Amino acid sequence: MILAFASVSMASMAQEDPTLKYSVATNSFWSNWFIQANASWSAFYSNEEKDMDYAKSPFKDFRSAPGFSVAIGKWFTPGLGLRTKVSAMNGRSVLSEDKDFNSIKYWNAQEQVLFNLSNMLCGYNESRVWNFIPYFGVGFTRNCSYNTYELIGSAGLLNTWRLSKRVLLNLDLGFNMCGDDFEGRVWDNAGVGGKPAPSNHDRWFAAELGLTFNLGTVGWNKTPDVDAIKALHQSQLDALNAQLNDANAENARLNARLREALANQKPAETPKAVREFVTTPVSVFFNLDKTNIASQKDLVNVEGVAKYAKENNTNLLVTGYADSATGSVEHNQWLSEERAKTVAEELVKLGVSPDKIETAAKGGVDELSPISFNRRATVQVK
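Attention here is on the structure that accompanies the text.

Counting residues in each nonpolar core, the largest one holds 22 residues, and the members touching the most others are Leu316, Val318, Val343, Leu347 and Val379. The set of elements that each furnish at least two residues to this core consists of β12 (282-285), α5 (299-312), β13 (316-323), α6 (329-349) and β15 (376-381). Setting aside its immediate chain neighbours within four residues, Val318 contacts Ala340, Val343, Ala344, Leu347, Ile357, Glu358, Thr359, Ala360, Thr378 and Val379. Counting residues in hydrophobic clusters, the runner-up holds 10 residues, among them Tyr54, Tyr106, Ile152 and Phe182.

Moving on to the sheet that holds strand β3 (residues 33-45). Spatial ordering of the closed barrel is given by β3-β4-β5-β6-β7-β8-β9-β10, a layout of 8 strands whose pairing is antiparallel. On average, each strand axis in the sheet is inclined to that of its neighbour by 25°, with strand direction left out of account. Bridge analysis of strand β7 (residues 130-143) against strand β8 (residues 148-162) gives 14 bridges, and the strand direction is antiparallel. The residue bridging Phe136 from the neighbouring strand is Ala155, located in β8.

Since the α-helix advances by 3.6 residues per turn, residues separated by three or four positions end up pointing in the same direction. Between its terminal C-alpha atoms α5 stretches 20 Å, which fits the 20 Å expected from 14 residues at 1.5 Å a residue. The complete set of buried residues in α5 reads Leu299, Asn301, Val302, Val305, Ala306, Tyr308 and Ala309.

The subject of this paragraph is the pattern of salt bridges. Pairing is possible between side chains of opposite charge, provided their charged atoms come close. One pass over the structure, following the stated rule, counts 10 salt bridges. Arg83 is the partner of Asp172 in a salt bridge, and the nearest nitrogen-oxygen pair spans 2.8 Å. Taken together, the residues Asp172 in strand β9 (residues 167-178) and Arg83 in strand β5 (residues 80-92) connect sequence positions 89 residues apart. Both residues of the pair, Asp172 and Arg83, count as buried. Residue Lys349 pairs with Glu346 through a salt bridge whose shortest N-O separation is 3.6 Å. Here Lys349 pairs with Glu346, and both are found in helix α6, just 3 residues apart, close to one helical turn. Look at Glu346 and you get buried, because its relative accessible area is 18%. A network of salt bridges, in which partner residues are shared, links Arg83, Lys85, Asp172 and Glu208.

What counts and what doesn't
Residues numbered from 1 in each chain as written. Predicted model: local features only at pLDDT ≥ 70, side-chain atom pairs only at ≥ 80, totals over all residues. Heavy atoms only, no water. Core = buried A, V, L, I, M, F, W, Y, C linked by side-chain atoms within 4.5 Å. Buried < 20%, exposed > 50% of the residue type's maximum accessible area, 1.4 Å probe, protein only. Helix = DSSP H or I, 4+ residues; strand = E, 2+ residues; numbered from the N terminus. Contact = heavy atoms within 4.5 Å. Pairing = 2+ DSSP bridges. Axes fitted to C-alpha atoms, helices over the stretch in contact; angles between N-to-C directions. Expected span 1.5 Å × (residues − 1). Salt bridge = Lys/Arg side-chain N within 4 Å of Asp/Glu carboxyl O.

Here is the structure:
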């Protein structure tokens, strides 16, 4: 357990998207737990049967038996998990070809490390139907009929199919190997019938079918890379900055003409400072389900709008948005209101009078593509 927990300190998995690079947000220790319950069928192969020429078919009733297993586990990243698994009930010692003579009761308990290759190779997808999960484990097994204990190792493949967010259908195909004395039979040095005592390990194959139940918080939040968003919109932001600079230059020119006219005390009509300002809104982006600004780089353009508003005594409109793909309607409305308030507070810090700022909230929308671009607030001159 200690080694397994130490190994999960690795960084969260990442995946590539044509327009956005996503990283998976770290979840709390209490997230992504699960329990499993399975019915099993096992085929046993014993060291006792070496050179006995028994039928090798796993479907022979003298070597196969039903059973069950239960497990509890947790996913630490989308690709790495840990589970504690206990299987028990019927087994076969394979001392003969008589199923009743071979019958035993046993249990085995193991700690197993799970590797979700579907998420590792293809990227995390919370709605993926099929997940392909190899695993390895170690533990102890006990033959209750002979009161013997052995170390046991296992390897297998866990397949899960999504039935709902909370319930999965799972098929577990596993191989188990333990020490020589699992059946409790003691060999002398000469073996049996003058043949050398066998030294190979006892083993069995198991096929298990059952259900996985996800507990508590399920899934992993995908956090958008804000730098990627900025790169996508950089040309638009640069164009807006150029328009702001032109507007400031025109304003300075008109003010200079006005001062010149007043200095000469010539009765002339005061020139009108007719200024056109680009109405394209400045966007401030937020991470999923957050109300704090994702990157302070956004405020560079907000400063330009704030400066314009102060110099020309104009009103500003701040509009908050959330993406419609996540969250309820009520939660998205609240989220968009809070995002608008956050940006309005930044404008006040930049010197804009609160009575010059109007806020609006649009709730969850799907105006931009990809959907994560809608997690924003905009500032524009009214």
